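Per-entry structural report
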Protein chains: 12
Amino acid sequence: MKIGVMHGPNLGRLGTRIPDLYGTITLDVLHRELREAFGDVDLSFFQSNSEGALIDQLEAWKDEGLDRVALNPGALTHQSYALRDAIEGLDLTVVEVHISNIFQRESFRAQSLTAPVTRGLITGLGIYGYHVAVAYLRSMV
Amino acid sequence: MKIGVMHGPNLGRLGTRIPDLYGTITLDVLHRELREAFGDVDLSFFQSNSEGALIDQLEAWKDEGLDRVALNPGALTHQSYALRDAIEGLDLTVVEVHISNIFQRESFRAQSLTAPVTRGLITGLGIYGYHVAVAYLRSMV
Amino acid sequence: MKIGVMHGPNLGRLGTRIPDLYGTITLDVLHRELREAFGDVDLSFFQSNSEGALIDQLEAWKDEGLDRVALNPGALTHQSYALRDAIEGLDLTVVEVHISNIFQRESFRAQSLTAPVTRGLITGLGIYGYHVAVAYLRSMV
Amino acid sequence: MKIGVMHGPNLGRLGTRIPDLYGTITLDVLHRELREAFGDVDLSFFQSNSEGALIDQLEAWKDEGLDRVALNPGALTHQSYALRDAIEGLDLTVVEVHISNIFQRESFRAQSLTAPVTRGLITGLGIYGYHVAVAYLRSMV
Amino acid sequence: MKIGVMHGPNLGRLGTRIPDLYGTITLDVLHRELREAFGDVDLSFFQSNSEGALIDQLEAWKDEGLDRVALNPGALTHQSYALRDAIEGLDLTVVEVHISNIFQRESFRAQSLTAPVTRGLITGLGIYGYHVAVAYLRSMV
Amino acid sequence: MKIGVMHGPNLGRLGTRIPDLYGTITLDVLHRELREAFGDVDLSFFQSNSEGALIDQLEAWKDEGLDRVALNPGALTHQSYALRDAIEGLDLTVVEVHISNIFQRESFRAQSLTAPVTRGLITGLGIYGYHVAVAYLRSMV
Amino acid sequence: MKIGVMHGPNLGRLGTRIPDLYGTITLDVLHRELREAFGDVDLSFFQSNSEGALIDQLEAWKDEGLDRVALNPGALTHQSYALRDAIEGLDLTVVEVHISNIFQRESFRAQSLTAPVTRGLITGLGIYGYHVAVAYLRSMV
Amino acid sequence: MKIGVMHGPNLGRLGTRIPDLYGTITLDVLHRELREAFGDVDLSFFQSNSEGALIDQLEAWKDEGLDRVALNPGALTHQSYALRDAIEGLDLTVVEVHISNIFQRESFRAQSLTAPVTRGLITGLGIYGYHVAVAYLRSMV
Amino acid sequence: MKIGVMHGPNLGRLGTRIPDLYGTITLDVLHRELREAFGDVDLSFFQSNSEGALIDQLEAWKDEGLDRVALNPGALTHQSYALRDAIEGLDLTVVEVHISNIFQRESFRAQSLTAPVTRGLITGLGIYGYHVAVAYLRSMV
Amino acid sequence: MKIGVMHGPNLGRLGTRIPDLYGTITLDVLHRELREAFGDVDLSFFQSNSEGALIDQLEAWKDEGLDRVALNPGALTHQSYALRDAIEGLDLTVVEVHISNIFQRESFRAQSLTAPVTRGLITGLGIYGYHVAVAYLRSMV
Amino acid sequence: MKIGVMHGPNLGRLGTRIPDLYGTITLDVLHRELREAFGDVDLSFFQSNSEGALIDQLEAWKDEGLDRVALNPGALTHQSYALRDAIEGLDLTVVEVHISNIFQRESFRAQSLTAPVTRGLITGLGIYGYHVAVAYLRSMV
Amino acid sequence: MKIGVMHGPNLGRLGTRIPDLYGTITLDVLHRELREAFGDVDLSFFQSNSEGALIDQLEAWKDEGLDRVALNPGALTHQSYALRDAIEGLDLTVVEVHISNIFQRESFRAQSLTAPVTRGLITGLGIYGYHVAVAYLRSMV
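Residues numbered from 1 in each chain as written. Chains lettered and ligands numbered in written order. Predicted model: local features only at pLDDT ≥ 70, side-chain atom pairs only at ≥ 80, totals over all residues. Heavy atoms only, no water.

Some words on the overall build of chain A
Let me state the cut-off plainly: The helix and strand labels rest on DSSP assignments: H or I over at least four residues marks a helix, E over at least two residues marks a strand, and numbering proceeds from the N terminus. Using C-alpha atoms as the atom set, the radius of gyration is obtained and then compared with a globule rule of 2.2 Å times the number of residues to the power 0.38. Each residue is assigned to one of three classes by its accessible area relative to the maximum for its type, calculated with a 1.4 Å probe on protein chains only: buried under 20%, partly exposed between the two thresholds, exposed over 50%. By definition, residues are in contact when any of their heavy atoms lie within 4.5 Å. To be clear on the numbers: accessible area is Shrake-Rupley with a 1.4 Å probe, and residue cover counts the displayed protein chains and nothing else.
Scanning chain A from N- to C-terminus turns up five helices and five strands. Helices (α) and strands (β) of chain A occur, in sequence order from the N terminus, as β-α-α-β-α-β-α-β-β-α. The C-alpha atoms of chain A give 14 Å as radius of gyration, which agrees with the globular expectation for 141 residues (14 Å, within 12%). When the backbone C-alpha atoms are referred to their principal axes, chain A occupies close to 35 × 35 × 25 Å. Put simply, chain A has 141 residues, and 66% of those count as buried. Taking contacts inside chain A between residues at least 6 apart in sequence as the whole, the part at least 24 apart equals 75%. Element-wise, carbon and sulfur atoms account for 45% of the exposed surface of chain A, whose accessible area totals about 4700 Å².

In C-alpha cells, the structure reads:
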C-alpha cells in the first residue's frame, strides 16, 4: 500500500524551528521513524515551501496510484484554497496533521481551509500525529 | 496509570444515532475494546447528557488522582465555557476526540470552545480517535 | 398515538412569570386543557430546568415509542446545540412552540438553534401554540 | 368578522412550484378549504407579485374595516421594510405564515423583517399554517 | 422652475399613520401648504407604494424637464438600490426628507441606501423638512 | 426555440444613462441587433422598473413554454429574493447579464442574490454579454 | 429666545478648509448672516477644537437658560459619546448640522453618535443648514 | 432579611483552582466570613456545576421569600440565557460578582449575558466582591 | 494613604443629570460623604469634561505619590484609548466605577476600553460604588 | 493579434477533475478547439499550479507584446492579491473565466479578488466561457 | 525650513512610561538630539494630552508657515477622526511615527485613523523613527 | 555585517509598474544606490514572484549567517501566513518596507499579516524606506 507524507512551508526546518513548540526531531528522523514503524507500507515523503510544488506532487502521486496522504500543510492550512481544491479534485484520502495545537495559538490558526475536504485532523499531539495518520490510512479498506 | 474516557450529551446513543455518520459500534463495545487494547491502564468511563454531571465527574476523578482524560464533549464542544473552565481549573491533561469530522458539517461545529485548553484534538477518524487519545495519554511521562 | 409535550427552563413558573408576556395559565392547567382537547392521544408531559434531564427524557420517550414532541425549549432555544443534536440524533418529529413572539424581543431571541431540525415552529400565539402543535402532530400519518 | 388572507410573490404558483417543498395544493383549493372551514368568517383573499400592490390592498382592507390578516409575504419576508411599515402603520393584527420551515433553508430565510410587527408566526406546518392563523385571528376578542 | 415632491410607500396615510411619530397633517394638506409657500415654483406631487411606479415617475419627470426632487423614500430608503440607481442614472438633484429622526428608531433605519446619491438629507424636523427641501432646491442656480 | 431577454429597473434608459459606464446603444437598438444575430430564435423582450411586473412576465413566459431567459436584473440583483424565488420556482434556465463589471463598483454590487439560481453570469463585457447569453441558451440541448 | 450655534473641531477654518467641499464662507461671515437673518433671536456662537470645552459651553449655556442649539460636531460626530451624553444629560434640544453630505464620503462619516439624542439632522445643504436649524429651533413652542 | 449567595460551575474548587487568579480562600471559609460579617442577615449558600440545579434553587429561594441574591454565575455568565431568564422571570434582585477581572482575560469573558437583568456587577475585587454585594443588598429598602 | 477620586465628562452635573438614572446626590455631597467615611485617607477629587485634563491630573497625582484612583470615566469609558494608556503607562491602581448598570443601556456602553487595565470594576450600585472603590483601594497592602 | 489563455492551479486536470462540475474535455482539447475557432489570433497557452509561475508568465507575455488574457485563476481567484497586482501593474486587459458557477458553491467562491482589476467575468457557462473571452478580447479595438 | 515634531497623549512621560516598550530616553533628550542632528532645520516641538490643544497647535503652525510635521498621535491614532480632519483640512504633510510596533500589540492598535491622510508611517523603530521622519520631511522639495 | 534586501511579487517591475504610485527607479538602480550608501555592509538582494522561493531564500540566508532583512513582501503582506511563519521560525530581524502608503489604498492593504513578527514597518516614504530599513538594521547591536 502506498501512502504519502507531505509537509508544507517551513516544515523543512523541523527540529530547529521554535523547538519549544515543534520539538527537536528533524524531518529526516521523523521519516526514518515512520519507515521503521510502517515497514509494510510503501511510504513517500515530500516537503516544499511552494504551494505549487505541493500540488504538483499530489498530482504526481495520484498518477502513481498513491492516493492516501498524511498532510501537514503548515501555514497553507489557513490561506490555500488551491491546496484544498487539489485534495478534492484528485479525490485523495487525506489525514491532516498539525504538530502543535492550532486552537491554542493566534486566532487565524484555528481555521483550517483544508480540513473540510480531508478525512480527519489531528492537532497538538506532536509528531505522534504523523504516526496516527499513517496508521489510520493503512487501516482503511 | 489512571485514564478517564468521557462522553458528553447524546453519545450514550452511539451505535444507533445517525450510523452513517457515527458508525454502529455502541459505547459498551467501544469501552470493551479500549479495556482490551489498554490492559495496563486503569480506565474509567463516564457518559452524561448533563454538563453539570460531567464537571462533577471531572472533579471526582481529579480527587481520585485521575487527571488524564480522553474527552468527547459532544455538542458541549460548541457551547460550554463551563466545561472548558473545568479542564483548565482542574489542570487536567485532555485529548479531545470527535468521531466525525467537525470541519465538514454545520459551520458552528468548526469552532471548539474546549480545544484551547486541551493538549490536542482528533476529529474524523471514527472511534479510532479514542484509541489514539488513550495511547497518547498513556505515553506521556 | 403517543405525543410528548416538553417544556424547558423556567417554564415551570408559567402563569406567574411575567404574566403580561406569558399569560396567567399554569402548566397544570395547560396540561389539563390539552388532555381534554386531545382525548384520543396518549399525552406525556415533562418540564425541567436542566438541559441534561430534557435530553434524558427525549431518549426515554424514544425508547417507549414516543417520537412526536411539542417542544418549548425556553432559553435553550438560543444556547443548546446539545438539545438540537438530541432531536436530530433520535430522529424525533418536533414542533417548536414559543408562547411570546421571539421576534419582538431581545435580538438573541430571534435565533433558534433547534428550529433547523424541527418540522416547524409556532411563536407568539400564546398557549394556543401548544394546541396547534399537538393537533398537527396528531394529523401526521 | 372580516379576515384577510394575503400571499406575496411567487405564491400564485402554489401547487406547481417546487412541490416537494410547498405541496401540490393550489391557492384556489386552499382558499376553498378555508372558506369551508371558516364559514362564519368573512374571508378575503389576495395574491400579488408586487410589494406595492400588497400594501395598496392592506390599505384598502383597512378602509373596509378588515384589520386581521393571515399573511405569507413570500420572499418579501426577507427584503421588505415597506411591508413591515404597512403592517405597523395600519395597526393590523397579522399572523405570519410560511409553508416550509424557513429555518431549514438558506440562511437569509431565517431572518424575518416582518415578524417583529406581527402577532406571531407559523412556519413549516404546510398549508395547515393558514388554518391555524385564521382560527387564531377569529378567536381574538 | 419645476420641482417634484415624491413620497414612497405608506406615506399616503400621512396624518393617520402613527401620529405621535409622523404628525396629523395629511399629504393633501402638506401639498396645499407647499403650493402656498412656493407660489413661484411649478410643483408636482407623487406618492406610490410601488418602487417601480416611483422610478417610472422619476423618468417621466426627467422627460418633462423636472430634475429637482424633494424625496421621502419611506422604507425604500433602507432597501432599494433600484431607486438609488434611478436618482443617479437620471442625474437628478434630490434632497432626501424624513419626517421622523431615522437615527432614533430601529437600527436598520439609520442606514440610507439613497443618501449617497442625493445632494443632502433632512431628518426629524417633521413636515418642515419638505419646506426646507423645496426652498433649497429653488435656491440652487 | 423561445428565449426571453429581460431587463430590470432603470435599464429602459440604456443609451442615455451614464453612457461612460453603460454605453450609448438603446434597448431598441440592442433588441434589433439580437433579432438580426439570432434569426432562428423566437425572441421575446421585456423591461420593467417593477419587481412584480418582472415576476409576472416570467410566469407568463413559462406558461407560453418560454423557459430560457437572458436576464439583467439591474439593481434587483442586489435586493430581490423574490426574483430569485421566481427563477428557482419556475425552473427557468437563466443566464445573468451585467453590462458593467459589478466587481469594480460599490461593494454592494459585488453580491448577486440571483446568481446562485442561474446557470451562469456575464459581467463587464458591455451589451456583448446579451449576445453571449442568447447564444449560450440557444446552444443548450 | 436664546439659541446657541456651536461648531466642533476644525470648523474654525471654515472658508479655507477644503473649499470645494465646505465652501468659502468663514465662520465670522456665517455668524453675521445668521444674526441678520434672525434679528429676533438672542444668538450665541461657540467654536472649539476641544471636546471638553464644547461640553463646558453646553453646560454654561444651560445655566444661562439657553437650551436650543444648532450643533455641527465636526468629527466628534463619529467619535464622541461624551458629547452625546452632554446633549442628553442637559436635556438640550439640538438640531445637528453638517455642511457636506456625510453619506457621500468615507464610510465612518455615515454614522452619527450624536444624532440619536438630537431632534433632527441636516446634511449636505451647505451653510444653509445652519439657517434651517435656527429657523426650526425658533419655531418650536 | 434573607439573602442568597450562589456560585455557578467550578466555583466549588475555590481556593485550589488557579490560585494566582482566584486566591486561596475556599468557599467554606468565604461563607463563614460572610456569616460573621453579616450576622443580622439570614444568609443561604448554594453552589452547583449544573445550570438546571441553580435555576431550581433560585425558584426554591423565591418560594421561601428570598429574592435578593449575590450571584457568581461562573462560566454560565457567558453562555446561559436560561439563568438570565430565571433572574428576570422570578423578579430577583441580583448583584453579579466575579472574583477576577472579566475584562482582563479571554475576549468571551468580557460579555455577560446575565448582567442586563441584574442590579449591578462587581468584578476583579476578589472575594471582597461578595461582601460588597451582600452589604449592598442588605442596604436596599 | 493617598487616594484619588476622578470623574470624567458630564459627571459635574451629578444630582441634576437624568436623576432617575444617576440619583439626586451632587458631586459635592458625594465628596463630603467620602471624606467622612474615610477620615484616615488623604482623598483628592477631580472632575473634568476634558480627556486631556484628566490625563494631566493623573500625571500630577502620580508625581505627588498618589497612585490609587477610584475612576468613573463617564463616556470616555467607551471611546478613550488615551485614558487607558495613561492608567497603564503611569502604573496606577484603578477601580472603575459606574453609577448606573452599563450592561442595561445602549449596546455601546457594555464595552469598557479602560477596564482591561484596571484592577476591577463596579457598575450599577449607584454612588455606593465609590465607597466600595475607596474602601478596596485603602485595604490593599 | 496576440491573446493569452492562462489557467491557474488544478486546471491541468481538466477533464478528469470532478467531471460533473467541470466537464470531460481536457486542456489539450480545449486549446485545440480555441486554435480552430480563432485561426486569426496568435494564441498562447499557459497553466501552472504556482502563483509565482503565473505572474512570471504574465510578465513574459507583456514583454512579448501580449497584453490581452483570458484568465481562469482557479482557486487563486479567492486568495491571491499578488495575481491581482500583476494584472493591474502590468496594465493587462483580462477577461476572467470560471467554468462552474462560482455563486452556486461554497461561500468563499463567490468572492473574486481579481475581478476588480479585470475587464469582465464569465462564470458557469462551462468551457464556452473561454470562447467568449477570446472573442471579446479579439473584438476590442 | 520649518518642521514640527508633535506628540500626543501620554508621550510627555517618555523615558519613564513602560521603558521596556518605549525606551528610557525622555522627550527633552529626544528633542535635543533632533536639534543636533538637524541643525539646518527650524524645528518646533509640542506635546499635549489634549486632542483639542494638538489641533490648535497644528492650526497655529500652519499660520506660521510650518506645514511639515512628524507626528506621534499616541492613542489618538486609534480614536481621533478630529485629528485626521485637521491634518487633511490644513493640508499638512505628515509622517506618522510610532515608537513601538503597533502591529505587535492589542488588536485595536493595528488600526490607524490618521494614516490614510499622512504621507507615510514608521512604526517599531524606536525613537529612530523621529529622525527618519524629520529627515524625510527635510528632503522633500 | 550581512543584511538582505528582499522583494516579493511584482516588485521586479519597479520603475515601470504604476509609476505615479511607485516611482520610476528600477530595482537595479535601487540596489546600486543601497550598495553605495552602505559600503560597509555585506548586502544581498533577492526578488521573486513566488512565495516558496522567497521562503527558500530566507532559509538559505539564515544558513549563511544573514538574519537581518529589509523586506517588502508586496501583495504577500496581505495573504501569506507562510512568509510570516518563515520570519518567526527562522528568528529573523526584519524591517518591513512598503513604497506606497498601504493605509491610503484598498482596505485589504491596511492589514499586514507579516508585521506582527517584524521589528517594525515603514510605509509611504517611497524607496527611501529601504534606506531607512538598512540603516536601522545596521545600527542594531
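Next, the rest of the story.
Remarks on the side chain of His-31 of chain K
All names here are of chain K. Relative to the helices and strands, His-31 resides in helix α2 (residues 27–37). The class of His-31 is buried, set by a relative accessible area of 12%. Sequence-distant contacts of His-31, defined by excluding residues within four places in its chain, comprise His-7 and Phe-45.

Describing the sheet that holds strand β5 (residues 120–123) of chain B
Condition: Two strands make a pair as long as DSSP finds a minimum of two bridges between them. Axis definition: a line fitted to C-alpha atoms, limited for helices to the stretch in contact. Angles are taken between N-to-C directions and run from 0 to 180 degrees.
Spatial strand order, β2(A)-β1(A)-β3(A)-β4(A)-β5(A)-β5(B)-β4(B)-β3(B)-β1(B)-β2(B): ten strands in an open sheet with mixed pairing. In this open sheet, the two strands that pair with only one neighbour each are β2 (42–47) of chain A together with β2 (42–47) of chain B. Each adjacent strand pair in this sheet contributes to an overall mean axis angle of 20°, direction not counted.

Here's the deal with the sheet that holds strand β4 (residues 93–98) of chain L
Read across the open sheet, the ten strands follow the order β2(K)-β1(K)-β3(K)-β4(K)-β5(K)-β5(L)-β4(L)-β3(L)-β1(L)-β2(L); overall the sheet is mixed. What marks the edges here is a single partner per strand, and that holds for β2 (42–47) of chain K together with β2 (42–47) of chain L. Geometrically, the sheet is characterised by an average inter-axis angle of 20° between neighbouring strands, direction not taken into account. The pairing of strand β5 (residues 120–123) of chain K with strand β5 (residues 120–123) of chain L spans three bridges and is antiparallel. Across the sheet, Thr-123 of chain K pairs through a bridge with Leu-121 of chain L, a residue of β5 of chain L. Against the sheet, helix α3 (residues 51–63) of chain K engages β1 (2–7), β2 and β3 (68–72) of chain K, with an angle of about 180° to β1 of chain K.

Regarding the pattern of salt bridges
The test is simple: Criterion for a salt bridge: a side-chain nitrogen of Lys or Arg within 4 Å of a carboxyl oxygen of Asp or Glu.
By the definition in use, this model includes 83 salt bridges over all chains. Where Arg-13 of chain H meets Glu-59 of chain B, a salt bridge forms, and the shortest distance between an N and an O atom there is 3.9 Å. Note that Arg-13 of chain H is positioned in the loop between β1 (2–7) and α1 (19–22) and Glu-59 of chain B in helix α3 (residues 51–63), a pairing that runs across two chains. The two residues Arg-13 of chain H and Glu-59 of chain B agree in class, both being buried. Between Glu-106 of chain G and Arg-84 of chain K there is a salt bridge, with its nearest N and O atoms 3.7 Å apart. You can see Glu-106 of chain G sitting in the loop between β4 (93–98) and β5 (120–123) and its partner Arg-84 of chain K sitting in helix α4 (residues 81–89), one on each of two chains. Through salt bridges with shared partners, a single ionic network connects Arg-17, Glu-106 and Arg-109 of chain A together with Arg-84 and Asp-85 of chain L.

Some words on the packing of aromatic side chains
Formally: Aromatic pairing here means that ring centres of Phe, Tyr or Trp (its six-membered ring) are within 6.5 Å. Orientation follows from the plane angle: under 30 degrees is stacked, over 60 is edge-to-face, and everything else is tilted.
Going through the model one piece at a time under the given rule, you end up with 24 aromatic pairs over all chains. Ring geometry for Phe-108 of chain B and Tyr-81 of chain C: centres 3.9 Å apart, planes at 10°, overall stacked. Pair noted here: Phe-108 of chain B is in the loop between β4 (93–98) and β5 and Tyr-81 of chain C is in helix α4 (residues 81–89), and the two residues belong to different chains. Residue Phe-108 of chain B is classed as buried on the basis of its relative accessible area of 14%. With a centroid separation of 5.8 Å and 35° between ring planes, the pair formed by Tyr-136 of chain C and Tyr-128 of chain D is classed as tilted. Pair noted here: Tyr-136 of chain C is in helix α5 (residues 128–139) and Tyr-128 of chain D is in helix α5 (residues 128–139), and the two residues belong to different chains. Residue classification places Tyr-128 of chain D among the partly exposed residues on the basis of a relative accessible area of 28%.

A look at the interface of chain F and chain J
For clarity, the cut-off: Summed over both partners, the accessible surface that disappears when two parts come together, traced with a 1.4 Å probe, is what is meant by buried area. Here a polar contact is taken to be a pair of N or O atoms separated by no more than 3.5 Å, where protein atoms must pair a possible hydrogen donor with a possible acceptor and residues adjacent in sequence count only if both atoms sit in side chains. Under the scheme applied, nonpolar residues are Ala, Val, Leu, Ile, Met, Phe, Trp, Tyr, Cys and Pro; charged residues are Asp, Glu, Lys and Arg; polar residues are all the others, including Gly.
Tallying the contact residues gives 20 residues for chain F and 20 residues for chain J. Contact between chain F and chain J buries roughly 1700 Å² in total, counting both sides, with carbon and sulfur atoms accounting for 62%. Our count for the contact surface shared by chain F and chain J stands at zero salt bridges. Viewed at the interface, chain J and chain F are joined by ten residue pairs in polar contact (both at pLDDT 80 or more). Secondary-structure elements contributing two or more residues to the side of chain F that touches chain J are β5 (120–123) and α5 (128–139) of chain F. Classifying every residue of the side of chain F that touches chain J by side-chain character gives 13 nonpolar, six polar and one charged.

Focus: helix α5 (residues 128–139) of chain K
Residue and element names in this part refer to chain K. This is how it is decided: Multiplying 1.5 Å by the helix residue count minus one yields the expected span of that helix.
Look at α5: 17 Å from first C-alpha to last across twelve residues, which is about the 16 Å you get at 1.5 Å a residue. Here α5 lies mainly inside the structure; nine of its twelve residues are buried. Of the residues making up α5, those classed as buried are Gly-129, Tyr-130, His-131, Val-132, Ala-133, Val-134, Ala-135, Tyr-136 and Leu-137.

Notes on unusual backbone geometry
Residues and elements named next belong to chain C. A positive phi angle, close to 35°, is found at Ile-18, a residue other than glycine. Along the chain, Ile-18 turns up in the loop between β1 (2–7) and α1 (19–22). The exposure class assigned to Ile-18 is partly exposed, which follows from its relative accessible area of 27%.

Structural notes on the relation of the copies chain F and chain J
Put simply, the test is: A least-squares superposition brings the copies together, and it is based on the C-alpha atoms of residues with pLDDT no lower than 70 in both.
The operation relating chain F to chain J is a screw motion whose rotation component is 180°, with 0.0 Å of axial translation and a residual RMSD of 0.0 Å. The relationship between the two copies is best expressed as a two-fold rotation axis. No C-alpha of chain F lies nearer the rotation axis than that of Ile-122 of chain F, which sits 2.3 Å from it. A shared interface surface links the copies, since 100% of the contact residues of chain F are contact residues in chain J too.

As for the arrangement of the chains
The two units chain E and chain K remain apart, with a minimum C-alpha distance of 20 Å. For the non-touching pair chain F and chain L, the nearest C-alpha separation works out to 12 Å.

Points about the side chain of His-98 of chain E
All names here are of chain E. Note on placement: His-98 falls in strand β4 (residues 93–98). His-98 sits in the buried class, given a relative accessible area of 5%. Only 2.7 Å separates the side chain of His-98 from the side chain of Glu-96, close enough to count as a polar contact. For His-98, the contacting residues outside a window of four places in its chain are Asn-72, Pro-73, Thr-77, Leu-121, Ile-122, Thr-123, Gly-124 and Leu-125.

A few points about the environment of Val-29 of chain E
Looking at the element boundaries, Val-29 of chain E is found in helix α2 (residues 27–37). For the pair Val-29 of chain E and Leu-14 of chain E, spaced 15 residues apart in the sequence, the C-alpha separation amounts to 9.9 Å.

A few points about the confidence of the model for chain A
Selection rule: Residue-level confidence of the predictor is summarised by pLDDT, bounded by 0 at the bottom and 100 at the top.
With 100% of its residues at a pLDDT of 70 or more, chain A has an overall mean of 96. What the predictor reports for the complex is a pTM of 0.96 with an ipTM of 0.95.

Quick look at the interface of chain J and chain L
Residue-level contacts link 18 residues of chain J with 14 residues of chain L. Taking both sides of the interface into account, the surface hidden between chain J and chain L amounts to around 1400 Å²; carbon and sulfur atoms contribute 44%. The largest per-residue losses of area from chain J upon contact with chain L belong to Glu-59, Tyr-81 and Asp-85 of chain J, which jointly make up 38% of the total buried on that side. Scanning the region where chain J abuts chain L turns up five salt bridges. The partner of Arg-17 of chain L in a salt bridge is Asp-85 of chain J, with the nearest N and O atoms 3.4 Å apart. The interface formed by chain J and chain L includes eleven residue pairs in polar contact (both at pLDDT 80 or more).

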